[in-house]
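For reference, the chains in residue letters:
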Amino acid sequence: VTDPSANGRETIRRLAALATEMSIKYDRLFIIVNRVRPGSDMKPFEVLKTELKADALFMVPDDSALADLAEAGRPVAALPQTSPAFVRIAELAALV
């Protein structure tokens, strides 16, 4: 899980390299980008997905309700089911 920044992409690359270095095995690799604003350029993440041979690239939209919960230390499950972030997280959960 990362944010849509260039630093976020570099973090994913470094984590993937570290997993390889440590011989960590996994069945599937999902790249999850959190706090994606409308109009964000996600093409660099598409390139990263291909580069890392990830199974899926999943974007969670920026959602002020999620930020409010995080600041209050409350769980994601407390989001209203109509929240854009809740809908995407539920879709991800169905894939896993």
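Anyway, here's the lowdown on the structure attached to this text.

How each quantity is defined
- Note on numbering: residues in each chain are counted from 1, in written sequence order.
- This being a predicted model, a pLDDT of at least 70 is required before a residue's local features are given, and a value of 80 or more before pairs of side-chain atoms are given or counted; all residues contribute to the totals for chains, interfaces and linings.
- As a rule here, side-chain values come from all non-hydrogen atoms in the structure, and water together with hydrogens is ignored.
- Only one rule defines a salt bridge in this text: a Lys or Arg side-chain nitrogen within 4 Å of an Asp or Glu carboxyl oxygen.
- Secondary structure elements are defined from DSSP: runs of H or I of at least 4 residues count as helices, runs of E of at least 2 residues count as strands, and each element is numbered from the N terminus.
- Any residue under 20% of the maximum accessible area for its type is buried, any over 50% is exposed, and the rest in between are partly exposed; the area is computed with a 1.4 Å probe on protein chains only.
- Pairing between two strands requires that DSSP report at least two bridges joining them.
- Viewed with both strands pointing away, a crossover whose connecting path from the first strand over the helix to the second turns clockwise is right-handed.
- The positive count covers Lys and Arg only, the negative count covers Asp and Glu only, and His and the chain ends enter neither.
- Think of a nonpolar core as a cluster: buried Ala, Val, Leu, Ile, Met, Phe, Trp, Tyr and Cys residues, connected wherever their side-chain atoms sit within 4.5 Å.
- We call two residues contacting when some pair of their heavy atoms lies within 4.5 Å.

## Digging into the pattern of salt bridges
- By the definition in use, this model includes four salt bridges.
- A salt bridge links Arg 35 to Asp 3; its shortest N-O distance comes to 3.6 Å. Of this pair, Arg 35 sits in strand S1 (residues 30-36) while Asp 3 sits in the segment before helix H1 (6-21), and the two are 32 residues apart along the sequence.
- By relative accessible area, Arg 35 is classed as partly exposed at 47%.
- Residue classification places Asp 3 among the partly exposed positions, given a relative accessible area of 24%.

## With respect to the pairing of strand S2 (residues 56-61)
- In the sheet, S1 pairs with S2 via five bridges, with the strands oriented parallel. Across the sheet, the residue bridging to Ile 32 is Phe 58, located in S2.
- Considered for its hand, the β-α-β crossover made up of S1, helix H2 (residues 43-52) and S2 is right-handed.

## Focus: the side chain of Asp 63
- Its place among the elements puts Asp 63 in the loop between S2 and helix H3 (64-72).
- For the buried Asp 63, no salt bridge exists, and the shortest N-O distance to an oppositely charged side chain is 11 Å, to Arg 88.

## A short note on unusual backbone geometry
- Positive phi is not limited to glycine here, since Arg 35 has a value of about 65°.
- Although it is not a glycine, Lys 53 sits at a positive phi angle of roughly 55°.
- Residue placement: Lys 53 occurs in the loop between H2 and S2.
- When its relative accessible area of 72% is taken as the criterion, Lys 53 is described as exposed.

## Quick look at the nonpolar core
- Membership of the largest hydrophobic core is limited to 10 residues, which are Ile 12, Ile 31, Val 33, Val 36, Met 42, Phe 45, Leu 48, Leu 52, Ala 54 and Leu 57.
- At the level of elements, S1 and H2 are the ones that each hand at least two residues to this core.
- With residues near it in sequence (within four places) discarded, Phe 45 still touches Thr 2, Asp 3, Pro 4, Ser 5, Arg 9, Ile 31, Val 33 and Leu 57.
- Grouped together as the second largest cluster of nonpolar side chains are eight residues, Ile 32, Leu 66, Leu 69 and Ala 85 included.

Nothing here speaks to function; it is geometry throughout.
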